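Per-entry structural report
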Amino acid sequence: MKEYKVVESRKGNAEKIMNDMARQGWEVVSVTYWSCWKISLLITFSREF
């Protein structure tokens, strides 16, 4: 079974977040821009549960 997590990030902080999550066993599934009042990245992670 897989577990998923979506994290919102600023562009400059995304690499640190992805590296930190990878150390915890998470894998990046997708990255997309979200623009409403501000531009941010939505990073979707998954890992075996």
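In what follows, the structure referred to is the one given above.
With that settled, consider the sheet that holds strand β3 (residues 39-48). Here we have three strands laid out as an open sheet, ordered β1-β3-β2, and antiparallel in their pairing. Where the open sheet ends on each side, the last strands, each with one partner, are β1 (2-9) and β2 (27-35). On average, each strand axis in the sheet is tilted by 20° relative to the strand beside it, whichever way the strands run. In this sheet, β3 lies alongside β2 in antiparallel orientation, the contact comprising eight bridges.

Relative to the elements of secondary structure, W34 occurs in strand β2. In the structure, W34 is positioned 26 residues away from E8 in sequence and 8.9 Å away in space, judged by C-alpha atoms. W34 has contacts with E8, I39, S40 and L42, leaving out every residue within four places of it along the chain.

V7, A14, I17, M21, W26, L41, I43 and F45 form the largest nonpolar core, which has eight residues in total. Only α1 (14-23) and β3 provide two or more residues apiece to this core. Leave out the neighbours within four places in its chain, and L41 touches V7, E8, S9, R10, K11, A14, V31, T32 and Y33.

Basis of the calculations
- Residues numbered from 1 in each chain as written.
- Predicted model: local features only at pLDDT ≥ 70, side-chain atom pairs only at ≥ 80, totals over all residues.
- Heavy atoms only, no water.
- Pairing = 2+ DSSP bridges.
- Helix = DSSP H or I, 4+ residues; strand = E, 2+ residues; numbered from the N terminus.
- Axes fitted to C-alpha atoms, helices over the stretch in contact; angles between N-to-C directions.
- Contact = heavy atoms within 4.5 Å.
- Core = buried A, V, L, I, M, F, W, Y, C linked by side-chain atoms within 4.5 Å.
- Buried < 20%, exposed > 50% of the residue type's maximum accessible area, 1.4 Å probe, protein only.

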